[in-house]
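# Commentary on secondary and tertiary structure
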Amino acid sequence: MLEKTYDSSAVEPKIAARWAEADAFAAGAGAKAGADSYAIVIPPPNVTGSLHMGHALNNTLQDIMVRYQRMRGRDVLWQPGMDHAGIATQMVVERQLAEKQIHRRDIGRDAFVEKIWEWKDQSGGMIFNQLKRLGASCDWSRERFTMDEGLSKAVLEVFVTLYKQGLIYKDKRLVNWDPKLLTAISDLEVEQVEVKGNLWHFRYPLADGVTYEHPYALDEDGNKCAWKPSAGEPAGHETRGYLIVATTRPETMLGDTGIAVNPEDPRYQSLIGKHAVLPLVGRRIPIVADEYPDIEAGTGAVKMTPAHDFNDFEVGKRHDLKAITILTTDARIALRDNDDFLEGLSVEGKLIEVIEELDGMDRFAARDEIVAKMDEVGLLDHIEPHTHMVPHGDRGGVPIEPFLTDQWYVNAAEMAKPAIASVREGRTNFVPKNWEKTYFEWMENIQPWCISRQLWWGHQIPAWYGPDGQVFVEKDEETALEAAIQHYIAHEGPWKAWVEDKLENFKPGEILTRDEDVLDTWFSSALWPFSTLGWPDKTPELKRYYQTDVLVTGFDIIFFWVARMMMMGLHFMDEEPFHTVYVHALVRDKNGAKMSKSKGNVIDPLELIDEYGADALRFTLAIMAAQGRDVKLDPSRIAGYRNFGTKLWNATRFADMNGAVLDPAFNPASAKLTINRWILTELTRTAAEVREAIEGYKFNEASAALYRFVWNQLCDWYLELLKPVFNGADEAAKAEARACAAHVLAQSVKLLHPFMPFMTEELWAHLAGKNAGLACHAEWPEPSFADEAAAEEINWLVDLVSGLRSVRAEMNVPPSSKAPLVVVGNNAQTAERLVRHDPAIKQLARVTDIRLESEAPRGSAQIVVGEATACLPLGDLIDLGAEKARLQKAADKVSGDIGKIESKLGNEKFVANAKPEIVEAEREKLVDLQGQKDKLIQAIERLEQAS
């Protein structure tokens, strides 16, 4: 006999140990002979990471598919692994050293990397144990790490190959630079932070005494104000010998090399080709025509700092504007020894003073100083408060700088072409399909991919430099040295003799110097679908499991991971890494707000598992995972789905107590009882729904079908309707009912297993016996029994009783009160059913007797079931007048609440200014209230009919 109550905290560790002992999730475990393969690679979590709700959703959905395919007999591999997380991991270990007052440069690169490996062995990878608590059925024996020997070998192979093919190169371009961590970072590592700052308007004098007529408008008080070309004719013109530019970063003006205006802007057409003089510096800078400036935004004249702004960099390339870097790597002003800054300037007088005062100053201190100096010389036009988004490094926590620096790049535009064609031609499909648009927009406008990072933890770039800066890219230093020797000895030049001399007294490292940078973490993870299977070696696993089947991921890394895996897979394997990309939505809090530590609304999945169990959390995430819709997670919902598990547990105990035992010889086709033939038909329908929904990535529909069948049809109706059979004298009927109940419970447990693996594994062992093997290897149910007549009859009974119960609840009829059931307009079939199911109707609907009449009695509530009308006389059960007054009061209150929300949503200011999640919550509340109102009105109408 099962325990009286299900205790997830006791059962889940026991089941996990059973799976581990049986090596239940090894690649191919439980597969049928000759079965097709099915493979998923886990999006590798960071080695520093811990389980969050995004992981919980992502891995639950993967596990549902993996367990489903395993039970279908496929040769399944769910490949686990972790990412070395360059910046995050280096920061963890640097903080540990800082506590001992040690800097990484004090101990050197090799010792520092050794410290990281020590940390990884001791503390890294905690998330794998957390995923096991969630029930993730990966082949844990095949765990990979992006820095392990095999994957490092793959990284070397790819880098060297792409370099020799001309697809990897070094270039000087703008990157996101973190002045605290002193490294380039990817867009994914940049977060936008709202900052209350200023927009400073500066006057830049025109060179060579040039002036122009600037149009102006008049405000309501007759004062001059800014005129926009869209405002019609200006009020007048004033002569100006300067341009006004606006900036949120005054410190960058020191690197200005131009001013851009829109060629269609009538204000500045006469100035195109002229020059302005850069204040405080004296540099002549050209005024160029470019479509980048927005005629209606700001002043329409935009200062160009190509070395410190991504848009300016592109404009600068179009107009051959010089890029002058005026910041150091740690974001301090660099002027004194800056040849690019000083070129062409006469360094004397006021400029010397500016250089002396600003050189070496922090960027924000320099900002204040520059504004003060501009004010001092009369070139600060005005300051405007300005709230805007400022990019910050998500790890360093400080504003990042667009920074011009030498980095390694992949020619992503070239590599993207086959990846674009693959999705366009349907070889890889996105689910939901609308994400293809996002993919195409990014891929078709893709920029060079910066793959170098100024870190010590990661795959060090396999590039060595000769004494003249010549680069040699090879898999190891020995091969690079051979290439260098051939290069220098074969070419007559100043370095030939130097190299020959060094070779005579050779010492490692004297001829070549290795590049200190490491590769972007996304570079190694881009190889994940094939590097984890052993590539570049031709392993059996690579042959068997590549191409993988589906990738499950969040939309935020379509660019950073999905697209790059597509590019690398097609380039090195000549085949897409997966045929489907399932993009799931975000998990938000119950109000629809994005979870963040600053908001204090982060929900810890491990705490939810502790409180409700992993199965309840998994089922909640699955049933809420509708395609294209964010999951709004309310812990109370998890409690509800824990009750769902309890319902199944109790149903199994009930069947136990009534002698239901799984009989391998039971044949559904031989069932005679209508109630059994009904539940077997509904089981077939549910199994088909669940199969189609899982294969269509509609996890919410699969979960809902299971919930509806298990809770409503199996537990609420079938077992309830079996009670008279179990308590009756017909032994043959009892035997059939026991065998059928056990069969349906066992099939239900298997259908539920991918969603709620721990409880179902325990129930399967109880129902099928320990010799039956594990539920995770049990055969997926494919029932084919169908008796539409039996299904129609019992569903008619369910509709009748449910309708009568709803009427009683709506009318506030006391549970103890009973009344006769009067049926009007019935046909012969309904009359037969009423007789056949008379005991069940009386017991379940709480009616005294059932009568067939030609007219509905006065004072009765009526429901239509099929062709007949079922009438429940209410006059003797409740005070009709008082009940109508109660319902009307409730309806009036709901109407008032609806009016308040409609007024709020009709207020344009509220909709525009309130947070999106608040507006959405109000809309959902309105829908809920409207549903409540409809039900109340329906109940009032019933009462009016009964009066």
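Analysis parameters
Throughout, a residue's number is its position along its own chain's written sequence, starting from 1. The model is predicted, so local features are restricted to residues of pLDDT at least 70 and side-chain atom pairs to those at 80 or more, both for listing and for counting; the totals for chains, interfaces and linings are taken over all residues. In computing side-chain values, all of the structure's heavy atoms are included and hydrogens and water are not. Cavities and pockets were defined on a 1 Å grid built from protein atoms only: a cavity is a group of points that admits a 1.4 Å probe but offers it no way out, a pocket is an open group of points flanked by protein on both sides within 12 Å along at least five of seven lines, and a lining residue is one with an atom within 4 Å of any such point. Grid points are joined across faces, edges and corners, and a volume is the space filled by probe spheres set on the points. In DSSP terms, a helix is any run of H or I states spanning at least four residues, a strand is any run of E spanning at least two, and both are numbered starting from the N terminus. Amino acids are sorted into nonpolar (Ala, Val, Leu, Ile, Met, Phe, Trp, Tyr, Cys and Pro), charged (Asp, Glu, Lys and Arg) and polar (every other residue, Gly among them). Any Lys or Arg side-chain nitrogen found within 4 Å of a carboxyl oxygen on Asp or Glu counts as a salt bridge. The buried label goes to any residue with under 20% of its type's maximum accessible area, the exposed label to any with over 50%, and the partly exposed label to all in between, with areas taken from a 1.4 Å probe on protein chains only. DSSP calls a pair of strands paired once it identifies at least 2 bridges connecting them. Note on definitions: angles span 0 to 180 degrees between N-to-C directions of axes, and those axes are lines fitted to C-alpha atoms, for helices only across the stretch in contact. Contacts are assigned to residue pairs that have any heavy atoms within 4.5 Å of one another. Take the number of residues in a helix, subtract one, and multiply by 1.5 Å to get its expected span. This arc is taken over the directions from the axis of the helix to the C-beta atoms. N or O atoms within 3.5 Å of each other form a polar contact, as long as, within protein, one can give a hydrogen and the other can take it, and as long as residues adjacent in sequence are counted only when both atoms are side-chain atoms.

Bringing the layout of surface pockets into the picture now. Taken as a whole, the second largest pocket encloses approximately 1,100 Å³ of empty space. Elements represented by at least two residues in the lining of the second largest pocket include exactly β7 (190-205), β11 (242-247), β15 (301-304), α8 (310-319), α11 (363-376), β16 (380-393) and β17 (401-410). Within the lining of the second largest pocket, the residues separate by chemical class into 17 nonpolar, 16 polar and nine charged.

Across all of its chains, the model carries 56 salt bridges by this definition. Taking the shortest distance from any N to any O, the salt bridge between aspartate 290 and arginine 318 comes out at 2.9 Å. In this pair, aspartate 290 is assigned in the loop between β14 (284-289) and β15 and arginine 318 in helix α8, connecting sequence segments 28 residues apart. Judged by its relative accessible area of 51%, arginine 318 falls in the exposed class. Residues glutamate 444 and arginine 424 are paired through a salt bridge, measuring 2.5 Å at the closest nitrogen-oxygen approach. Taken together, the positions of glutamate 444 in the loop between α13 (435-443) and β19 (449-450) and arginine 424 in helix α12 (residues 412-424) put the pair 20 residues apart, joining distant regions of the chain. When its relative accessible area of 43% is taken as the criterion, glutamate 444 is described as partly exposed. Judged by relative accessible area, which is 51%, arginine 424 ranks as exposed. Counted as one network, the salt bridges with shared partners bring together Lys14, Arg18 and Glu762.

Moving on, we get to the sheet that holds strand β12 (residues 258-261). Read across the open sheet, the four strands follow the order β13-β14-β12-β15; overall the sheet is mixed. If you trace the sheet from one side to the other, it starts and ends with β13 (275-277) and β15, each paired once. Across the sheet, the mean angle separating the axes of adjacent strands is 30° when strand polarity is ignored. Bridging between β12 and β15 involves four bridges; their strand directions are antiparallel. Residue pairing in the sheet places isoleucine 259 in a bridge with lysine 303 of β15. Where α8 meets the sheet, its contacts fall on β12, β14 and β15, and the angle it forms with β15 comes to roughly 85°.

The terminal C-alpha atoms of helix α14 (residues 477-490) lie 20 Å apart, and with 14 residues this matches the ideal 20 Å at 1.5 Å per residue to within 8%. Buried within α14 we find Ala480, Leu481, Ala484 and Tyr488. Axial view of α14: buried residues confined to an arc of 100°, hence all on one face. Of the residues in α14, the exposed ones pointing more than 90 degrees away from the buried face are Glu478, Gln486 and Ala490. The inward-facing, buried residues of α14 abut β21 (463-465), β22 (471-473) and α15 (496-504). Two to three positions downstream of the cap, the backbone nitrogen of glutamate 478 sits 3.3 Å from a side-chain oxygen, assigning the N-cap of α14 to aspartate 476.

Next up on the list: the side chain of glutamine 69. Residue placement: glutamine 69 occurs in helix α2 (residues 53-71). Looking at glutamine 69, the relative accessible area reads 8%, which means it is buried.

All right, on to the pairing of β11 then. Among the six residues that make up β11, five are buried, leaving the element largely enclosed by the rest of the structure. Relative to β11, β7 runs antiparallel, the two sharing six bridges. Bridging across to β11, arginine 203 finds its partner in isoleucine 244.

It is worth stressing that arrangement in space is one thing and function is another; only the former is reported here.
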